[in-house]
Number of protein chains: 2
Amino acid sequence: MDNVGLKPMDAEQLRDYAHQMVDFIADYYNSIESFPVLSQVQPGYLHKLIPDSAPNHPESLQNVLDDVQAKIFPGVTHWQSPNYFAYYPSNSSVAGFLGEMLSAGLNIVGFSWITSPAATELEMIVLDWLGKMLKLPEHFLSTGQGGGVIQGTASEAVLVVLLAARDKALRKVGKNALEKLVVYASDQTHASLQKACQITGIHPENCRILKTDSSTNYSISPHLLTDAISHDLGVGLIPFFLCATVGTTSSTAVDPLLELGKISKSNEMWFHVDAAYAGSACICPEYRQYLNGVEETDSFNMNAHKWFLTNFDCSALWVKDRNALIQSLSTNPEYLKNKASEANMVMDYKDWQIPLGRRFRSLKLWMVLRLYGLENLQCYIRNHIQLAKHFEALVAQDPRFEVVTPRIFSLVCFRLLPHYNNEDDGNKLNHDLLDAVNTTGKIFISHTVLSGKYILRFAVGAPLTEERHVNAAWKVLQHEASTLLSGNPIE
Amino acid sequence: MDNVGLKPMDAEQLRDYAHQMVDFIADYYNSIESFPVLSQVQPGYLHKLIPDSAPNHPESLQNVLDDVQAKIFPGVTHWQSPNYFAYYPSNSSVAGFLGEMLSAGLNIVGFSWITSPAATELEMIVLDWLGKMLKLPEHFLSTGQGGGVIQGTASEAVLVVLLAARDKALRKVGKNALEKLVVYASDQTHASLQKACQITGIHPENCRILKTDSSTNYSISPHLLTDAISHDLGVGLIPFFLCATVGTTSSTAVDPLLELGKISKSNEMWFHVDAAYAGSACICPEYRQYLNGVEETDSFNMNAHKWFLTNFDCSALWVKDRNALIQSLSTNPEYLKNKASEANMVMDYKDWQIPLGRRFRSLKLWMVLRLYGLENLQCYIRNHIQLAKHFEALVAQDPRFEVVTPRIFSLVCFRLLPHYNNEDDGNKLNHDLLDAVNTTGKIFISHTVLSGKYILRFAVGAPLTEERHVNAAWKVLQHEASTLLSGNPIE
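Residues numbered from 1 in each chain as written. Chains lettered and ligands numbered in written order. Predicted model: local features only at pLDDT ≥ 70, side-chain atom pairs only at ≥ 80, totals over all residues. Heavy atoms only, no water.

- The name recorded for chain A in an unreviewed UniProt entry is Tyrosine decarboxylase, from Dipteronia sinensis.
- In the Cofactor (unreviewed entry) part of its UniProt record, chain A is described as follows: "pyridoxal 5'-phosphate".
- Annotation of chain A in UniProt includes, under Sequence similarities (unreviewed entry), the sentence "Belongs to the group II decarboxylase family." (UniProt positions renumbered as here; feature names shortened; annotations may be inferred.)

## Structural notes on the packing of helix H1 (residues 11–30) of chain A against helix H3 (residues 94–106) of chain B
Link 1 in the chain: Viewed as axis vectors pointing N to C, H1(A) and H3(B) meet at an angle of 15°, and their least axial separation amounts to 10 Å. Considering their axes alone, H1(A) and H3(B) lie roughly parallel with respect to each other. Pair H1(A) / H3(B) crosses with right-handed handedness. On H3(B), the residues that touch A:Gln13, A:Leu14, A:Tyr17, A:Ala18, A:Met21, A:Val22, A:Phe24, A:Ile25, A:Tyr28 and A:Tyr29 of H1(A) are B:Val94, B:Phe97, B:Leu98, B:Met101, B:Leu102, B:Gly105 and B:Leu106.
Link 2 in the chain: Among the residues making up the contact of H1(A) with H3(B), the classes are represented as 15 nonpolar, two polar and no charged. (Axes fitted to C-alpha atoms, helices over the stretch in contact; angles between N-to-C directions. Helix = DSSP H or I, 4+ residues; strand = E, 2+ residues; numbered from the N terminus. Parallel < 35°, antiparallel > 145°, perpendicular 65-115°, else oblique. Left-handed = near helix turned anticlockwise from the far one by under 90°. Contact = heavy atoms within 4.5 Å. Nonpolar A, V, L, I, M, F, W, Y, C, P; charged D, E, K, R; others polar.)

## Describing the pairing of strand E10 (residues 446–450) of chain B
Residue and element names in this part refer to chain B.
Link 1 in the chain: Of all five residues in E10, four are buried, a share of seventy percent or more.
Link 2 in the chain: Pairing of E10 with strand E11 (residues 453–459) involves five bridges; the strand directions are antiparallel. Bridge assignment links His 447 to a residue of E11, and that residue is Leu 456.
Link 3 in the chain: Hairpin connection, E10 to E11: the antiparallel pair is bridged by two residues, and Ser 451 has positive phi, about 50°. (Buried < 20%, exposed > 50% of the residue type's maximum accessible area, 1.4 Å probe, protein only. Pairing = 2+ DSSP bridges.)

## What about the interface of chain A and chain B?
Link 1 in the chain: With 161 residues of chain A in contact, the opposing surface of chain B contributes 161 residues.
Link 2 in the chain: Summing both partners gives a buried area of about 14400 Å² for chain A against chain B, and 66% of it is carried by carbon and sulfur.
Link 3 in the chain: At the boundary of chain A with chain B, the tally comes to 12 salt bridges.
Link 4 in the chain: For B:Asp67, the salt bridge goes to A:Arg370, with nearest N and O atoms at 2.7 Å. (Buried area = accessible area lost by both parts, 1.4 Å probe. Salt bridge = Lys/Arg side-chain N within 4 Å of Asp/Glu carboxyl O.)

## Considering the relation of the copies chain A and chain B
Link 1 in the chain: Once chain A is rotated about the relating axis by 180° and shifted along it by 0.0 Å, it coincides with chain B to within an RMSD of 0.0 Å. Expressed as a symmetry operation, the mapping of one chain copy onto the other fits a two-fold axis. Taking C-alpha positions as the reference, the residue of chain A nearest the rotation axis is A:Thr200, at 2.5 Å.
Link 2 in the chain: Here 100% of the contact residues of chain A are again contact residues in chain B; the copies associate through an equivalent surface. (Least-squares fit on C-alpha atoms with pLDDT ≥ 70 in both.)

## Some words on the UniProt feature "modified residue: N6-(pyridoxal phosphate)lysine" (unreviewed entry) in chain A
Residues and elements named next belong to chain A.
Link 1 in the chain: Under the UniProt annotation, the feature "modified residue: N6-(pyridoxal phosphate)lysine" (unreviewed entry) is placed at Lys 306.
Link 2 in the chain: Tracing the backbone shows Lys 306 in helix H9 (residues 304–307).
Link 3 in the chain: Take Lys 306: its relative accessible area is 18%, and that puts it in the buried class.
Link 4 in the chain: Not counting residues up to four positions away in its chain, the partners in contact with Lys 306 are Tyr 88, Pro 89, Ser 90, Asn 91, Ala 276 and Tyr 277.

## Thoughts on the sheet that holds strand E6 (residues 299–303) of chain A
Residues and elements named next belong to chain A.
Link 1 in the chain: The mixed open sheet is built from seven strands, whose spatial order is E1-E7-E6-E5-E4-E2-E3. Every other strand in the sheet has two partners, leaving strand E1 (147–151) and strand E3 (207–210) as the edge strands with one partner each. Across this sheet, the average inter-strand angle for adjacent strands is 20°, counted without regard to direction.
Link 2 in the chain: Note: strand E4 (residues 238–245) against strand E5 (residues 270–274), five bridges, orientation parallel. The residue bridging Thr 245 from the neighbouring strand is Asp 274, located in E5.

Structure representation (structure tokens):
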């Protein structure tokens, strides 16, 4: 037993190497603006740079760091760049990063309370904190029948609540009624709901995708919902789940929670709200109005890893009735039994989620809340919204462009106006503009389609973004637009 | 726009604070043996120590670190302690920790190739590396129709393959046949399969749990499987999925892959292998035999985050036919469309998993493989197996104890012998012994039940464990056994 070559967790080597890694990462942030925001590599680029098999013998840390610099960085799309305006932000922060370090350092697996009581209890406490900051109803807090839990992503959040709702419905109407269950959402609802329906076996023809348009600013019309439910009930189907969104992915549309909640309640449907992006803004009193009606919902989700400075992944889900989740997700194998669980004295989060294992993710959210504090976080959100407002004003001043939907939070939906109102031309034009600006590497923005129109999305929210970056981004857009318009005149 | 109070990603603050955190974590590893391995706090302990709401104003890092020490640590069960022998190990290593740091530092969200080409491509390459180390069949590598992907946990791995198998079967026999689909596994299969069945809507009465016993050392009997399939076919049901295990959770039983594979093939069933724990050992030529027959499987899973020095979470899944996964899990919303994906030139891992977002987890596996190298990793595994063999010998020398199942890898299943062959007494005795040793805080072990007998599990695998820790653990067990036996004599 003397051939113990490897000491994989030597505290002094950890100290030495990890200090080097800290400097490497701090240097990365110092130079982050020097990289193209959107990686410009070609598919398969890395295969040519890396050996076909793992080494037999150890390599030095310096070698690996050199490779990260030379081979990995060119293939990174820099989500933390101040010039990143695509999709929605995915914030890294000093506090969030420290929380990740500590969680990786302890490397506990907190599936049951006993496997690290602090992991379960801190998660309950911190989600209560965040719930109070969002003024969520009492029944979402851990003191009642509900509670909060950290999921990996909003996709997992909607999957577990859909599952809980499915099983609750099937317990009522009989387990062979799966093919009768109907889900309601809008054409603006995130694709994760569709995926959750596929997984849980909801029949595709029973997914009611309510059409939205500019008349409601792409939010769900309660009338359409009522009509759809009536029709489904009329043909013997069973409405059981409604997913509304506060801040849709395409355009930050806000569904009317209060009206939708009443409809859900009178039809005994599970009402879930996806506020993955915009939930963060609702810690500011002036934006809390968008959650009005949340007291009518059964579950509510916001991603602290988007616009809330908590490194990916950290998706906060609150439910009104935790037993509904537990009934669908619990297993109780012998090898996990323990006194505390058997005595029903504790919460075991394994029964609130898909995976068994779970990281100590509450640490990073706790560190964000403590190292920044509520007022700073509100200021952070407001600053981004101000920057988006500023960008919106820049767009509005250029007659070649239009702002397509009213800006609510920190996303601006805009486009180059088509020549002679030719929408096909407009779509190509904006598609080409997107491609042109992203190819410069100077900024990264993304797109959507609303009512058949190709739209550009400018999402402010990276932690390093300042007014100068927004101004520079606008100059890039104007410049590429000019080139495009002069080079491709309509005959 | 001047009220920008918060600079949440200041490179120099990151450098300063993260250096402090490195020292905090290195100091933790230096003092790790001073803590009780299993946390000794009472349910609800943390609630009394932490305020009811988040602070309005920032707190200092030192305050937070002091609280981690004073309030969090007592509630931590120290999975990295050298005296941790419970469940299965969950390794942290310097390399794995550095990979987590780098991943958290870049904080990219690699759902599509375009969102960080390096994240997708490194994952493909590194899983090919690991696949070759395990001598997996060519068709599991990314060069063919299959490929590897990092899932969060083995639970997610079995869920996505069960889903792919379900949909493949339903495409063949018609989508209303869900209630006819039958899953096969054994009473030793991990509970995650049961959970996956619940989620995907497999009817509970169609989950065939094949009984195992000591005659096959708790592995699946191919005859029982054949009989069950014949019976199900006879009554019009549709066998579609078999889950075998290499290294079961209770006792590291190894199912006979080759024979099971032939049965699966002739019945056109999806054959999945869960080698979550024992897969790591199969990088050593002398343990590779336990994977014989893997060439007959459709999917194979091992957790690099268990016994392979890669910090949680990192569960490696290989599939033979990636399109089966993609058909079940892909969504293609407008807002995620991009040139590379539309041109089918790239892999988008979002379509291989439940969540949309994903961390850059291949970095840590890459760093483990490079900073340690194959030979060191083999030596690491062999050393733990040697230590388990040593513990087994200690148990065998004490006539009060018995080794219950033959040790194969690094887990020893053993128990105190009951008085006068009274099994009820034996179960209580071992239950009490488990409780007594874990309450000392000196070691942490867990249990299972095999053929109605309560068994103690001693799993070697924490990175810091040395022979002296195994010897000390055995002394604790002997001492508590003596106390128990002298205090509770059977009349």
